[in-house]
2 protein chains.
Amino acid sequence: MTERDTAAPPRRARRVDARRNEQKLLDAAASVFVASGVDAPIREIAAEAGVGLGTIYRHFPDRTGLVIAVYGHQVETCAEAGRQLLAEEPSPLDALLAWVERFVDFVITKHGLADALGSDDPGFQRLHAHFLDRLVPVCAELLAAAEDAGQITPGVDAYELMRGIGNLCVGHESDDRYDPRHLIRLLVRGLRIAES
Amino acid sequence: MTERDTAAPPRRARRVDARRNEQKLLDAAASVFVASGVDAPIREIAAEAGVGLGTIYRHFPDRTGLVIAVYGHQVETCAEAGRQLLAEEPSPLDALLAWVERFVDFVITKHGLADALGSDDPGFQRLHAHFLDRLVPVCAELLAAAEDAGQITPGVDAYELMRGIGNLCVGHESDDRYDPRHLIRLLVRGLRIAES
DNA sequence: AGACGATACGGAACAGCGTTCCGGATTGTC
DNA sequence: GACAATCCGGAACGCTGTTCCGTATCGTCT
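Residues numbered from 1 in each chain as written. Chains lettered and ligands numbered in written order. Predicted model: local features only at pLDDT ≥ 70, side-chain atom pairs only at ≥ 80, totals over all residues. Heavy atoms only, no water.

S.K.: Help me get a handle on the protein's contact with DNA strand C, residues and values and all.
M.R.: Residues in contact with DNA strand C amount to 26 residues; listed here are only the nearest, A:Arg15, A:Asn21, B:Arg15, B:Arg43 and B:Arg63. Each atom of DNA strand C within 4 Å of the protein belongs either to a base or to sugar and phosphate, the latter forming 58%. Within the backbone of A:Gly52, an N or O atom sits 2.9 Å from a phosphate oxygen of DNA strand C. B:Arg63 places a side-chain nitrogen or oxygen 2.7 Å from a phosphate oxygen of DNA strand C. Considering each element in turn, the surface near DNA strand C owes the most residues, five residues, to helix α3 (residues 53-59) of chain A. Considered class by class, the residues forming the surface near DNA strand C number nine nonpolar, six polar and eleven charged. (Near = heavy atom within 4 Å. Polar contact = N/O pair within 3.5 Å; in protein donor to acceptor, adjacent residues only side chain to side chain. Helix = DSSP H or I, 4+ residues; strand = E, 2+ residues; numbered from the N terminus. Nonpolar A, V, L, I, M, F, W, Y, C, P; charged D, E, K, R; others polar.)

Okay, structure coming up:
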């Protein structure tokens, strides 16, 4: 295998207009997402980018792909923050708390993202799955550290916890009386081993 | 005001076919809801009832109204169970736990209901609001009792708690790895005052 | 430079949804 | 039996996401 890839047919490089349109779409999507939420109509994004509908589907499988492309970097950043917090914070539990807080901030500040994560729409479920795939291992690491330190009750599943935290964020935009942070803090408090 | 209502014009009673169709719709809706979930297409319910689309909208403002009509009774039952549990259970906290468990059972056993409660669809938000209007006072009562008994930390908002519990139920159907009950127990554990 | 094939674009077209609307059928009353 | 009030059915509208293909553009090779 002296070739760069196994049995790779000599593919031509992508055309410049394609690359340009992809960038236009990412910019437009980011702009529309903050203005109208991540569930904004596809046509709105196409219009904002000055591009046809077909062009969107050429570059992204569906809106979920677009959302992942737009916010993927921030998810990555959040994931990487896990290890760093574990090193910086005074205790694993503190690290866990800080990390959860950071994740919640990320989700809450994106219009409609929290609701999208809780949606039963198949597309949005893929979105949730993608986020979780990246973040659950980090959460698991933090949980394990806190467990080893004897700070939290063992046997808590990272996937379930992440999923629950995401769920608790649902609906925060359309309801002044509901602040997810309260309950999330309460939930994490429920993890703690009482210091007797 | 010897009349039954203030300035009530002498309204004729509803026609028998109207009453019959309403019943047919309720039956059909209940059947379709368990088969296809509460977010089943309106047309499906109309077909099941052997009725036109207009007939649905004549009797119910939208699908939300239909859901409320179908499940309203069970919500009522759940609400009434609050006081009873408070009398039966050994302690207010036990009553709260049992009541929450009962509520979660209700939500979880209805196809798509949990997801509907977490939906950002305006119609479904009205549904959530209706459920909460009826149940929040009950939850508040239970919370207050547990607070007075010194069993839980004070200052927990019943509305927020109910909303959070509803949210935690979201997505349980489409995800084997996620069991809302775990987190809900954990959450309520977070309420508890550590017995030191 | 010119031409030709690969690639990408645009938007019409389709399917499915909730909701509205009104001509016509049904019902209760006089 | 006749006449209103009431109610029904389903076509039609507007809004979704998604697919599809004729056309335009780009990169390369002569």
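S.K.: Please provide a residue-by-residue account of the interface of chain B and chain A, values included.
M.R.: Of the residues lining the interface, 29 residues belong to chain B; the matching set on chain A comes to 29 residues. Both sides of the chain B and chain A interface together cover about 2700 Å² of buried area, and 54% of this is carbon and sulfur. Where chain B meets chain A, there are two salt bridges. Between B:Asp175 and A:Arg163 there is a salt bridge, with its nearest N and O atoms 2.7 Å apart. Taken together, the links from chain B to chain A amount to 15 residue pairs in polar contact (both at pLDDT 80 or more). Mapped by element, the contributors of at least two residues to the side of chain B that touches chain A are α8 (158-168) and α9 (180-191) of chain B. A breakdown of the residues in the side of chain B that touches chain A according to their chemical character gives ten nonpolar, nine polar and ten charged. (Contact = heavy atoms within 4.5 Å. Buried area = accessible area lost by both parts, 1.4 Å probe. Salt bridge = Lys/Arg side-chain N within 4 Å of Asp/Glu carboxyl O.)

S.K.: I'd like to hear about helix α5 (residues 92-108) of chain B, residue by residue, with values.
M.R.: Under the 1.5 Å per step criterion, the end-to-end length of α5(B) is 24 Å for 17 residues, consistent within 8% with the ideal 24 Å. If you follow the buried residues of α5(B), they end up packed against α4 (63-88), α6 (113-117), α7 (122-148), α8 and α9 of chain B. (Expected span 1.5 Å × (residues − 1).)

S.K.: Would you mind going over the relation of the copies chain B and chain A in detail, with residue names and values included?
M.R.: Aligned on chain A, chain B shows an RMSD of 0.0 Å; the corresponding rotation is 180 degrees and the shift along the axis is 0.0 Å. As the rotation angle and translation indicate, the two copies are arranged about a two-fold axis. In terms of C-alpha distance to the rotation axis, chain B has B:Gly190 as its closest residue, with the C-alpha 1.8 Å off the axis. In this assembly the copies share their binding face: 100% of the residues contributing to the interface of chain B also contribute to that of chain A. (Least-squares fit on C-alpha atoms with pLDDT ≥ 70 in both.)

S.K.: Any details on the protein's contact with DNA strand D? Residues and values, ideally.
M.R.: Surveying the vicinity of DNA strand D reveals 25 residues, the closest of which are A:Arg43, B:Arg15, B:Asn21, B:Gly54 and B:Thr55. Sugar and phosphate atoms represent 54% of those atoms of DNA strand D found within 4 Å of the protein. Taking B:Asn21, its side chain carries an N or O atom lying 2.5 Å from a phosphate oxygen of DNA strand D. At 3.2 Å, a backbone N or O of B:Leu53 approaches a base nitrogen of DNA strand D.

S.K.: Before we move on, can you summarise the pattern of salt bridges with the specific residues and values?
M.R.: Within the structure shown, the criterion is met by 18 salt bridges over all chains. For A:Asp179, the salt bridge identified is with A:Arg181, shortest N-O distance 3.9 Å. With a relative accessible area of 24%, A:Arg181 lands in the partly exposed category. The residue B:Arg181 makes a salt bridge to B:Asp105 at a minimum N-O spacing of 2.5 Å. A residue pair is termed long-range when its members are at least 10 positions apart, and B:Arg181 in helix α9 and B:Asp105 in helix α5 qualify at 76 residues. If you follow the salt bridges from partner to partner, you end up with A:Asp105, A:Asp179 and A:Arg181 in one network. (Buried < 20%, exposed > 50% of the residue type's maximum accessible area, 1.4 Å probe, protein only.)

S.K.: Hey, could you go over the UniProt feature "DNA-binding region" (unreviewed entry) in chain A for me, with residue numbers and the actual values?
M.R.: In the numbering used here, UniProt assigns the "DNA-binding region" (unreviewed entry) feature to residues 41-60 of chain A. A helix fraction of 75% and a strand fraction of 0% characterise residues 41-60 of chain A, whose end C-alpha atoms lie 15 Å from each other. (UniProt positions renumbered as here; feature names shortened; annotations may be inferred.)

S.K.: So what's going on with the environment of A:Asp175? Residues and values would help.
M.R.: Positionally, A:Asp175 belongs in the loop between α8 (158-168) and α9 (180-191). Here A:Asp175 falls in the buried class, since its relative accessible area comes to 8%. Sequence spacing of A:Asp175 and A:Ala35 is 140 residues, and the spatial spacing of their C-alpha atoms is 18 Å. Sequence-distant contacts of A:Asp175, that is, excluding residues within four places in its chain, are made with B:Tyr159 and B:Arg163.

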